[in-house]
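Understanding the architecture of this molecule
Listed below are the residues making up each chain.
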Amino acid sequence: MQTLNLNGHSMPILGLGTWKSAPGEVYTAVKEAIKIGYRHIDCAAIYGNEKEVGKAIKECIDEGAVTRDELWITSKLWNNMHGENNVVPALEKTLSDLQLDFLDLYLIHWPVAQKKLFVGANKAAHFLSLEEQPIANTWKGMEKAVELGLTKCIGVSNFSVKKIKDLMINSSIKPALNQVELHPYFQQDQLVEYCHSNNIQVMAYSPLGSSDRPDGLKAKDEPVLLEDKSIIELANKVNASVAQTIIAWDIHRGISVIPKSVNPGRLKQNFEAAELKLSEADMATMKQLNKNRRYVDGQFWVVPDGPYTIENLWDE
Ligand code: A2P
């Protein structure tokens, strides 16, 4: 399995996504994934399933299927725990749920701050603006987590180039990675180029289009990525599934990819995509499919009289 370098640490390029994996399903999925050979698992406090992920990891380690050092575990700081002094307690809770002593990577989940009391936020009074709760302060807490040995690397998620640039000015530890929505319909060329030329790795979430998102997070006219005719044609040509073709396309771009599945057959299929070779012509075919189409557009952070807008969220 190809690896990516994050500040001298090797991260397997392909991992298992756990967003939308129900607590009852994720335990079996993680155990199965580790058995298949996955060594990288992407988690987050807000997914509400870290205890089950942790139970599966612990059992795999106890059974001798894998060692802690062979695994790469990522988690993410939720919006209501921004602020210098909140980061370490939030990370300690995640570590306790995951039954781990340290993470490999901890990310600021969104450049969006909520008041501590509100895990969910749907009105202006639940939010804090980034002037009230600056990312630079939250980042100081992230740096402290590294100094305390609670995580090897730190990074961000859903950050624009502008927000990364601002953060770089105010940081002593640079972000090692930016996790963003990225798939053939939303290829993110400029962001990837900026990150790669600044030693920041990129990780693709919703790589398969996340068609299992709740209906409230879906647009009515949404194109279904896994039904794309051009990708189906290419997949037939390279003798792979559509999902495998997309995963291989990410890996050929040097982008980490974390397809979510709770199905043993699809977990295996996705893992095997790491070995699929695509030609330059195949990559060129995929490049033409970009529609600049976000599936996770951040509209849920935009409330009447609230501090966040689509424009200031994505800086577009
Ligand atoms: P399932 O968990 O039942 O396998 P994303 O990674 O973009 O969030 O997409 C996850 C969605 O894609 C889930 O609905 C998942 O279903 C489905 N999925 C995962 N792997 C495959 C695959 N190889 N072929 C088709 N659908 C897949």
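Criteria and cut-off values
- Residues numbered from 1 in each chain as written.
- Predicted model: local features only at pLDDT ≥ 70, side-chain atom pairs only at ≥ 80, totals over all residues.
- Heavy atoms only, no water.
- Pairing = 2+ DSSP bridges.
- Helix = DSSP H or I, 4+ residues; strand = E, 2+ residues; numbered from the N terminus.
- Core = buried A, V, L, I, M, F, W, Y, C linked by side-chain atoms within 4.5 Å.
- Buried < 20%, exposed > 50% of the residue type's maximum accessible area, 1.4 Å probe, protein only.
- Contact = heavy atoms within 4.5 Å.
- Salt bridge = Lys/Arg side-chain N within 4 Å of Asp/Glu carboxyl O.

1. Some thoughts on the sheet that holds strand β3 (residues 16-17)
Spatially, β3-β4-β5-β6-β9-β10-β11-β12 is the arrangement adopted by the eight strands of the open sheet, whose pairing is parallel. With partners counted over all chains shown, the strands left at the sheet margins are β3 and β12 (256-257), one partner each. Looking at chain direction, strand β4 (residues 40-42) and strand β5 (residues 72-77) are connected through three bridges and run parallel. Opposite Asp42, over in β5, you have Thr74 as the bridge partner.

2. Looking at the nonpolar core
The biggest cluster of nonpolar side chains holds 102 residues, and the ones touching the most others in it are Leu6, Val30, Ile73, Tyr106 and Trp110. By residue number, the principal contributor to this core is helix α8 (residues 242-252), which donates seven residues. Beyond its immediate chain neighbours, meaning those up to four positions away, Ile73 contacts Ile41, Cys43, Ile57, Arg68, Leu98, Leu100, Leu103, Asp104 and Leu105.

3. Some remarks on the pattern of salt bridges
All chains considered together, the criterion is met by 21 salt bridges. The salt bridge involving Asp104 is made with Lys152; its shortest N-O contact spans 3.8 Å. With a gap of 48 residues between them, Asp104 in strand β6 (residues 103-108) and Lys152 in strand β9 (residues 151-157) connect regions that are remote in the sequence. When the shortest N-O distance is used, the salt bridge between Asp315 and Lys163 registers 2.8 Å. Taken together, the residues span a long stretch of sequence, with Asp315 in the segment after α11 (310-314) and Lys163 in helix α5 (residues 161-169) at a distance of 152 residues. Taking relative accessible area as the criterion, Asp315 reaches 31% and is therefore assigned partly exposed. Given the relative accessible area of 11%, Lys163 is considered buried. Connected through salt bridges with shared partners, the residues Lys31, Lys55, Glu59 and Glu63 form a single ionic network.

Treat this as a map of the structure, not an account of what it does.
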